[in-house]
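As a plain string of letters, each chain reads:
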There are 2 protein chains.
Amino acid sequence: MNGAEKLVHTLLDHQVDMCFTNPGTSEMHFVAALDKIAGMRCVLGLHETVVTGAADGYYRIADRPAATLLHLGPGLANGLANLHNAKKARSGIVNIVGDHAVEHLQLDAPLTSDIHGIAAPMSEWVRTSPGVDAIAADGAEAVRQANARPGRIATLVLPANVAWSEVPDEPAPVAAVAPEPASHGAADFDRIVQALRDEPRSTLLLLGDRALRAACTDLAGRIVAATGCAVRAEFYTARLERGAGRVQVPRLPYAVEPGLAALAAFKRIVLVGAKAPVAFFAYPNKPGRLSAPGCEFLTLSTPGDVPQDALQALCAALGAHKAPAAHGGAQQAQPALAGALTPEGIGRTLAATLPAQAIVVEEAMTTGRGFDALTAQAAPHDWLTSCGGAIGFALPAAVGAALAAPGRRVLALEGDGSGMYTLQALWTMARESLDVTVVIFVNRAYGILRGELAAVGAGTPSVRAQDMLSLQRPDLDWSSLAKGMGVPAVRVDELQSLGQALRRSYATPGPTLIEAML
Amino acid sequence: MNGAEKLVHTLLDHQVDMCFTNPGTSEMHFVAALDKIAGMRCVLGLHETVVTGAADGYYRIADRPAATLLHLGPGLANGLANLHNAKKARSGIVNIVGDHAVEHLQLDAPLTSDIHGIAAPMSEWVRTSPGVDAIAADGAEAVRQANARPGRIATLVLPANVAWSEVPDEPAPVAAVAPEPASHGAADFDRIVQALRDEPRSTLLLLGDRALRAACTDLAGRIVAATGCAVRAEFYTARLERGAGRVQVPRLPYAVEPGLAALAAFKRIVLVGAKAPVAFFAYPNKPGRLSAPGCEFLTLSTPGDVPQDALQALCAALGAHKAPAAHGGAQQAQPALAGALTPEGIGRTLAATLPAQAIVVEEAMTTGRGFDALTAQAAPHDWLTSCGGAIGFALPAAVGAALAAPGRRVLALEGDGSGMYTLQALWTMARESLDVTVVIFVNRAYGILRGELAAVGAGTPSVRAQDMLSLQRPDLDWSSLAKGMGVPAVRVDELQSLGQALRRSYATPGPTLIEAML
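Residues numbered from 1 in each chain as written. Chains lettered and ligands numbered in written order. Predicted model: local features only at pLDDT ≥ 70, side-chain atom pairs only at ≥ 80, totals over all residues.

A. Region of interest: the overall build of chain A. Along chain A, the regular secondary structure elements total 22 helices and 17 strands. Taken over the C-alpha trace, chain A has a radius of gyration of 24 Å; the compact-globule value for 518 residues is 24 Å, and the two agree within 12%. Counting only C-alpha atoms and orienting by the principal axes, one finds that chain A spans roughly 65 × 60 × 45 Å. When the 518 residues of chain A are sorted by exposure, 63% land in the buried category. Taking all contacts inside chain A whose residues are at least 6 apart in sequence as the whole, residues at least 24 apart take part in 81%. (Helix = DSSP H or I, 4+ residues; strand = E, 2+ residues; numbered from the N terminus. Rg over C-alpha atoms; globule rule 2.2 N^0.38 Å. Buried ≥ 20, exposed ≤ 12 C-beta atoms within 10 Å, placed from the backbone. Contact = placed C-beta atoms within 7 Å.)

Written as structure tokens, this is what we have:
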């Protein structure tokens, strides 16, 4: 058995059985091992940003890490942006990155690069396996790191000579992977109880990370019902379980002014897996923190804790266990809408058509700003957004989510600008026959940036600036792009046909792309 | 004047007047400055790997750096693979990377990342501008670094607050940009002269970097004619000026065995801007160095030197100045070919049709292996290859080359696997109406890897490994992909229609994509 085979066995032994790949020559022994050893599902992406984004989406739904297989420094580099998003989402991923054989590195061949340096900014853990006798332990440690809570980006560099060398007889047995112990750091617990009793109206429960799962939002809803406090979710949500019959936890707004307005009334914010809310970008003469001046932050649980435990303890202390959760009521049948593709009409159409247990992966920064409220009463679903702001998240994450949840429909809501970053993901959807419905909102611009340019006082931009924010000249034709990658596509320009296309797609196995012409 | 405007003025003052961009919010003041100040050509790429690859291609043809404008750490990360290629090609590039305002960094907003750490592995020079009073000097230094010989990747991080703050009155004048002094390190000169006199048949002139320009290959040809030594180019060529009427300098082969065979006869290799030849990858039980055991290396000039000076001095010492260069003769009319799209037939068809002064950007690793010899007698042209081996080079580099040389036809020879990495470049070709002919060689596989998998002794691969190397299921339809980005496309499946499509494309302004079905 060679090192590559040992590593594949180690991954499988530790329940890592999904590998998103784009290998090269230096990974061929690993590819051969994947081929020889049964049990690993291997999914090819035609660019590494598809590979890493899929691993992020997979983790969010499966609650366990996938592996990636990346080709040397440049392959890893290509995947960094979606590793950034995954890291900010606290997703666990095991990256296997091939490297030259150690004796080859000194020759400075063309593909030689500082892989450790490339990995470090987007990884919580990086190790170059020093030799074949260490590969099993290194692989197990990488999985342990990725499985920690919060999840971690673990990058294991596999030199070609380690992959191809024979493993010595009977290596030391690998210790079982133990999850990181959850910390219980609610030092603020008594203060939180007191505040919720004394001043509930000026207290906000802010949920993030795994506190956004339904079991936790239900508990938060009981606390709201019992005390009269408010509850919100962070704007960026790794996975928010929401919809009809569940507690409504509105996300904070994206932009600075509405963010400030949403938080102005609160003297204190109780963080449940969340961070203190800050502006996405800094602007001259605007605050960076969105909370009111002097706002007190109290931590009920960090992303390293088990939020359900913390919320249950809080419920118990407040006598809220039996309070009926303040949820938003049952799903209501909505009439099919007709007319122009306005953001509101689109949101209502999405809500009316969404199948139960759908997974929505949303990266429609311009068009989708209001979808949160409009879809609150849709059938129960999960809502995933980019957590790091690197665009090109939704299509790859949809690939991973679909592979993690066969039988559930994935709906990817994507802008045309963001979509072009990772359009190669469409091909993987077609190859794997994934039940993904992609909606591209075609506004022919980096729409969000037009407002930003106006905000910096650029006046009326000339063609030079306009061209940098426009996707026109030529117009992108998403139906042709989808066809080029084997995904059937349909173009719609009003709500009724959007609704029909959505329903048809949900009823049809495999992927569809809907080009929504705004 | 704010810091962004000052930086744009500084770039323009130092002859950097081409900016490949994909900006975001943190770069909006820079975009506004580009809009306000005349003189900068701004070219949008729909993914940063297009942006950086275009800057590489631009430098190789223009012999001066372009700027890039990249959005924070993830935008820079997306461009790293082609920065790797550019660095290995010794291309100079000035990257301008926006960052959050300094006071915003401590808030750990979603897009916060270690930009310096991301930049470092692929940059020779990185600086975060500390304040608006330093921005002019920092910008000038970045240009000076990029303009050095060899060219350098210079990355200047521009915090938003530096961009938007007013420049203090009368900043210190910026020193003129002085090129790095060329070193003259031919310590081996006398030994080289002696070897070429005494043992020319066992001596190889190995040319790389700027020694591959025609003025240098002509001098090398005179030395060959006068002494009987051999001359070769490195396999990876930033820009090889070749074709009819020029000295033929065959590139070293890619693979290990032919590389060893090509160099077996040489007791010494004279390096002229080249490095000692090494295998691209390491393999068990194969050597890493391609030169014969005990081969002596003598350095005539390094990439920091002016190779023409060194070669002229060598000619003078050898009395070779008046020897007629051993060139390959005049262009010969070639008959139009018909029949199957074999690599040889394709190469001959390319040679027969290539317009004079074309720029060939070649990344057809599987199909194009033999193009070097087959096109040696084509009309005079430049031949550019990836120098770092990160795939996805050719389409972006073709964008940059075309912008650097209006009036010259660019021919991008691209594999389907590599092409999918950076297909967004097609859109920029269409937007800028670039005279680029793209030929995609459709073999529906990472063809080069099939041989590599066989070489590692994987036996007959099962579907799991085959699928990781195959681009089938579904088949990519490049004509639709091109149409989706506004580039007219034609599909050919035999040589005559290939030749016709090439000629038609060369006669038609703007881009064309030819999908060659192998």
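B. Examining helix 11 (residues 214–227) of chain B more closely. Residue and element names in this part refer to chain B. Helix length check: helix 11, at 14 residues, gives a terminal C-alpha distance of 20 Å against a target of 20 Å (1.5 Å per residue), a fit within 8%. Of all the 14 residues making up helix 11, ten are buried; the element is thus mostly covered by neighbouring parts of the structure. Among the residues of helix 11, Cys216, Thr217, Leu219, Ala220, Gly221, Arg222, Ile223, Val224, Ala226 and Thr227 are the ones counted as buried. At its buried positions, helix 11 is contacted by helix 10 (189–198), strand 7 (203–207), strand 8 (230–233), strand 9 (240–242) and helix 13 (307–318). In the segment just after helix 11, Gly228 is the residue with positive phi, at about 85 degrees. (Expected span 1.5 Å × (residues − 1).)

C. Geometry of the sheet that holds strand 10 (residues 268–272) of chain A. Residue and element names in this part refer to chain A. Taken in spatial order, the four strands line up as 8-7-10-11 in an open sheet, and their pairing is parallel. With partners counted over all chains shown, the strands left at the sheet margins are strand 8 (230–233) and strand 11 (296–301), one partner each. Within this sheet the neighbouring strands show an average axis-to-axis angle of 25 degrees, counted without direction. As paired strands, strand 7 (residues 203–207) and strand 8 are joined by four bridges and run parallel to one another. Residue pairing across strands places Leu207 opposite Ala233, the latter belonging to strand 8. Along the sheet face, helix 10 (residues 189–198) touches strand 7, strand 10 and strand 11 and points at about 115 degrees away from the line of strand 11. Against the sheet, helix 13 (residues 307–318) contacts strand 10 and strand 11, and its axis sits at roughly 110 degrees relative to strand 11. (Pairing = 2+ DSSP bridges. Axes fitted to C-alpha atoms, helices over the stretch in contact; angles between N-to-C directions.)

D. Focus on the sheet that holds strand 6 (residues 153–159) of chain B. Residue and element names in this part refer to chain B. The parallel open sheet is built from six strands, whose spatial order is 2-1-3-4-6-5. Two strands lie at the open edges of the sheet, namely strand 2 (41–44) and strand 5 (125–128), each paired on one side alone. Shown here is a sheet whose adjacent strand axes are inclined to one another by a mean of 20 degrees, direction ignored. Looking at chain direction, strand 1 (residues 18–22) and strand 2 are connected through four bridges and run parallel. Following the sheet pairing, Thr21 is matched in strand 2 by Leu44.

E. Focus on the relation of the copies chain B and chain A. Under the fitted operation, chain B is carried onto chain A by 0.0 Å of movement along the axis and a turn of 180 degrees, and the coordinates agree to an RMSD of 0.0 Å. With respect to symmetry, the two chain copies, as superposed, fit the operation of a two-fold axis. The overlap is high: 100% of the interface residues of chain B also sit at the interface in chain A, so the same surface is used on both sides. (Least-squares fit on C-alpha atoms with pLDDT ≥ 70 in both.)

F. Fine view of the interface of chain B and chain A. On the chain A side, the residues contacting the 80 residues of chain B number 80 residues. Per element, the largest residue contribution to the side of chain B that touches chain A is six residues, and it comes from helix 2 (residues 28–36) of chain B. In the side of chain B that touches chain A, the residues fall into 47 nonpolar, 21 polar and twelve charged. (Nonpolar A, V, L, I, M, F, W, Y, C, P; charged D, E, K, R; others polar.)

G. Fine view of the domain arrangement of chain A. All names here are of chain A. Along its sequence, chain A is carved into domain 1 (3–164), domain 2 (189–318) and domain 3 (343–517). Using C-alpha coordinates to define each centre, domain 2 is positioned 28 Å away from domain 3. Residue-level contacts link 17 residues of domain 2 with 17 residues of domain 3. Considering only residue class, the side of domain 2 that touches domain 3 consists of eight nonpolar, four polar and five charged. (Domains from an automatic or database assignment.)

H. Seen up close, unusual backbone geometry. All names here are of chain A. Geometrically, the link from Arg149 to Pro150 is a cis peptide bond, its omega value of -5 degrees lying close to zero. If you check the backbone angles, Asp63 has positive phi at about 60 degrees while not being a glycine. Note that Asp63 resides in the loop between helix 3 (48–62) and strand 3 (66–70). Located in the positive-phi region is Arg473, a residue other than glycine, with phi close to 60 degrees. Relative to the helices and strands, Arg473 resides in the loop between helix 20 (463–469) and helix 21 (478–484). Overall, the presence of 15 C-beta atoms within 10 Å leaves Arg473 in the partly exposed class.

I. Region of interest: the packing of helix 14 (residues 343–353) of chain A against helix 22 (residues 495–506) of chain A. Residue and element names in this part refer to chain A. Helix 22 packs onto helix 14 with a crossing angle of 30 degrees between their chain directions and a minimal axis gap of 10 Å. The orientation of helix 14 with respect to helix 22, classified from their angle, is roughly parallel. The interaxial crossing formed by helix 14 with helix 22 has right-handed handedness. Packed against helix 14, whose contacting residues are Gly345, Ile346, Thr349, Ala352 and Thr353, the element helix 22 presents Leu495, Leu498, Gly499, Leu502 and Arg503 at the interface. Taken together, the residues that form the contact of helix 14 with helix 22 break down as five nonpolar, four polar and one charged. (Parallel < 35°, antiparallel > 145°, perpendicular 65-115°, else oblique. Left-handed = near helix turned anticlockwise from the far one by under 90°.)

J. Highlighting the packing of helix 3 (residues 48–62) of chain B against helix 5 (residues 80–88) of chain B. Residues and elements named next belong to chain B. Viewed as axis vectors pointing N to C, helix 3 and helix 5 meet at an angle of 15 degrees, and their least axial separation amounts to 7 Å. Classed by the angle they form, the pair helix 3 and helix 5 counts as roughly parallel. For the element pair helix 3 and helix 5, the recorded crossing hand is right-handed. Along the contact surface, helix 3 presents Thr49, Thr52, Gly53, Ala55 and Asp56, while helix 5 presents Ala81, Asn82, Leu83, Asn85 and Ala86. The residue inventory of the contact of helix 3 with helix 5, partitioned by class, reads four nonpolar, five polar and one charged.

K. Quick look at the confidence of the model for chain A. Mean pLDDT over chain A: 94, with 96% of residues reaching 70 or higher. Two numbers describe this predicted complex: its pTM, 0.97, and its ipTM, 0.97. (pLDDT = per-residue confidence, 0-100.)

L. Quick look at the pairing of strand 7 of chain A. Within strand 7 of chain A, five of the five residues are buried, leaving the element largely enclosed by the surrounding structure. Once the chain exits strand 7 of chain A it traverses helix 11 (residues 214–227) of chain A before rejoining the sheet at strand 8 of chain A, and the crossover so formed is right-handed. (Right-handed = clockwise from strand over helix to strand, strands pointing away.)

M. Examining the pairing of strand 10 (residues 268–272) of chain B more closely. Residues and elements named next belong to chain B. Most of strand 10 sits inside the fold, with five of its five residues counted as buried. Burial along strand 10 is two-sided: Arg268, Val270 and Val272 facing one way and Ile269 and Leu271 facing the other are all buried. Two elements, strand 7 and strand 10, share five bridges in a ladder whose sense is parallel. Each bridged residue has a counterpart across the sheet, and for Leu207 the counterpart in strand 10 is Val272. Looking at chain direction, strand 10 and strand 11 (residues 296–301) are connected through five bridges and run parallel. Bridging across to strand 11, Val272 finds its partner in Ser301.

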